[in-house]
Amino acid sequence: MTAYDLSQTLSRRLTVLGSTGSIGVSTLSVVAHARATYGADAMPLEALTAQSNVEVLAAQAREYRPRRAVIGRPELLGKLKDLLDGTGIEVTSGKEAVIEAARMPAEVVMVAIVGAAALPPALAAVRRGATLALANKECVVAAGELFRRTLDGSRATVIPVDSEHNAAFQVLDFAQGHAIEKVTLTASGGPFREWTRERMESVTPEQAVAHPNWSMGAKISVDSATLMNKGLELIEAHFLFALPAEKLDVIVHPQSAVHCLVSYADGSVLAHLSAPDMRTPIAHALAWPRRITSPSQRLDLAALGRLTFENPDRTRFPCLALAEACLRSGGLSPTILNAANEVAVEAFLNRRIAFYDIPRVVEATLAADGSNRAEAEDLEAVLAVDRRARDAADALCRKLAA
Ligand code: NAD
Ligand code: MG
């Protein structure tokens, strides 16, 4: 036995929901690094799931040897079966199969699906008392109260993976909650931080997904370019850390070295720093409460030279203001905000609407429905509101595209 015995941490079984995406691939690279460092049997895999990238899923399954591989789109089941023939890995498909994968007895579940589609499997993992490494933020925004209530009534633990929330989790003194004055999330400002509004009117999807510091999936890259990502993250922090809107703040920090700052009553400010590399928060979440080595880049402050901070511009980035308004008004408005944004971002990526149509669609969808201050009682109710907002946003996108 070594002085720092990680055997129990590394023997926990892991399921990765959304293994073929940006976070999913980074998660498996942390697993590969752990296996190379600590031994081939570290972090055994229970299940891997993906929506449509059947080739990558099959290659991952052959390399990492999960008990089960799940493809979301049912028409791809035959292909997955062929690709994994003779491996002994179970193969299933469909929406229900993804939820079923979350129910399998892995101690740790990485939730790396994009969008509110992560909600049913995430809740399934919470209900059976798993430890969730939670990268997905849309499920918390879409169903904050329900998510919180389900979590409080379970034995589950959530370790945030979203870099700012993972940073907050590391510097928040949970035992001194009364002494927290403010939690400040940093934002890189995205690729258009210094662009005029006129110039931004005609940006293309390619320009919007080319993030200066982080390499991420297409949806979150667009959210970072509109600053909706930071707005969603304020709502995520509100529900994950039970902090009121007044105690949450955003500051633009283009170097992405500081991820979160927590201000205390005595004037102390505790910050978390790391290189902008998701493998750091992923490794933290997978090993918590211990720490393991990760293949991430290391922070080089001398090379960065200076760290700068500025206030966000809510006129050029109206999505941030829209999300902040939903954070303050609560009720079902975050559900509607998130659903409308998912539809608008998809339409922008498919070149059906322009960049500034994203806040237009979100604002108009909220105006039609967002004054609803009720809370959704259960998953079906949340999904019904989510669906209605998607239909309304889709109709607006069609009108704009016409
Ligand atoms: P991505 O688009 O690269 O990957 C998404 C994954 O989800 C893929 O494996 C895909 O197969 C799967 N998926 C897509 N639609 C699905 C559906 N309907 N049902 C089941 N599975 C589905 O996304 P990403 O950038 O890895 O982001 C994943 C989540 O993590 C998002 O919620 C994002 O906001 C959050 N996040 C990402 C980063 C990052 O650096 N990429 C950072 C912080 C938070
Ligand atoms: Mg983030």
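Residues numbered from 1 in each chain as written. Chains lettered and ligands numbered in written order. Predicted model: local features only at pLDDT ≥ 70, side-chain atom pairs only at ≥ 80, totals over all residues. Heavy atoms only, no water.

## Regarding the layout of surface pockets
Filter applied, for reference: A 1.4 Å probe that fits but cannot get out identifies a cavity on a 1 Å grid over protein atoms alone, an open set with protein on both sides within 12 Å along at least five of seven lines counts as a pocket, and a residue lines either if it has an atom within 4 Å of a point. Grid points are joined across faces, edges and corners, and a volume is the space filled by probe spheres set on the points. A run of H or I in DSSP counts as a helix once it spans at least four residues, and a run of E counts as a strand once it spans at least two, with each numbered from the N terminus.
Looking at the second largest pocket, its volume works out to about 230 Å³. Every residue lining the second largest pocket is counted, 15 residues in all, and those nearest its centre are Thr-280, Ala-283, Arg-291, Ile-292 and Ser-294. Those elements giving two or more residues to the lining of the second largest pocket turn out to be strand E11 (269-273) and helix H14 (279-287). Broken down by element, the residue count for the lining of the second largest pocket peaks at 3 residues, all from H14.

## Things to note about the coordination of the magnesium ion (ligand 2)
Worth spelling out the cut-off: Only nitrogen, oxygen and sulfur atoms count as donors, using a 2.8 Å cut-off from the metal that widens to 3.2 Å for Na, K and Ca. Water is left out, so coordination shells may look unfilled. To sort residues, take the accessible area from a 1.4 Å probe on protein chains only and compare it with the maximum for the residue type: under 20% means buried, over 50% means exposed, and anything in between is partly exposed.
Coordination of the magnesium ion (ligand 2) by the protein comes from Asp-162 (OD), Glu-164 (OE) and Glu-233 (OE), over a distance range of 2.1 to 2.2 Å. Expressed as a motif, the donor residue spacing for the magnesium ion (ligand 2) is D-x1-E-x68-E. Of this pair, Asp-162 sits in the loop between strand E7 (157-160) and helix H9 (163-171) while Glu-233 is found in helix H13 (residues 228-241), placing the two residues 71 residues apart along the sequence. Grouping residues by exposure puts Asp-162 and Glu-233 together as buried.

## Side note on the sheet that holds strand E1 (residues 14-17)
What counts is decided by this rule: Should DSSP find at least two bridges between two strands, the strands are regarded as paired. Only the stretch in contact is used when a helix axis is fitted, and all axes are lines through C-alpha atoms; the angle between N-to-C directions ranges over 0 to 180 degrees.
On the basis of which strands lie adjacent, the open sheet formed by 7 strands has the order E4-E3-E2-E1-E5-E6-E7 and parallel pairing. The sheet terminates laterally at strand E4 (90-93) and E7, the two strands that pair on one side only. Across the sheet, the axes of successive neighbouring strands diverge by a mean angle of 15°, strand direction being ignored. The sheet contact formed by strand E6 (residues 131-134) and E7 spans 4 bridges and is parallel. The residue bridging Leu-134 from the neighbouring strand is Pro-160, located in E7.

## A look at the site of ligand 1
Here is the rule we go by: In this text, near means that some heavy atom of the residue lies within 4 Å of the molecule or strand in question. Pairs of N or O atoms within 3.5 Å make up the polar contacts considered here, provided that, within protein, one atom can donate a hydrogen while the other can accept it, and that residues adjacent in sequence are counted only when both atoms are side-chain atoms. Computed with the Shrake-Rupley method and a 1.4 Å probe, the accessible areas treat only the protein chains shown as cover for residues. We call Asp, Glu, Lys and Arg charged. Ala, Val, Leu, Ile, Met, Phe, Trp, Tyr, Cys and Pro are nonpolar, and the rest, Gly among them, are polar.
Every one of the 21 residues lining ligand 1 counts as a neighbour, but Thr-20, Ile-23, Gln-51, Glu-138 and Gly-217 are closest to it. At 2.8 Å, a side-chain N or O of Thr-20 approaches an oxygen atom of ligand 1. Interatomic distance of 3.5 Å between a backbone N/O atom of Val-114 and an oxygen atom of ligand 1. Across the complex, the protein chains shield 85% of the 830 Å² of accessible surface that ligand 1 would expose by itself. Its residues placed into classes, the shell around ligand 1 shows 10 nonpolar, 8 polar and 3 charged.

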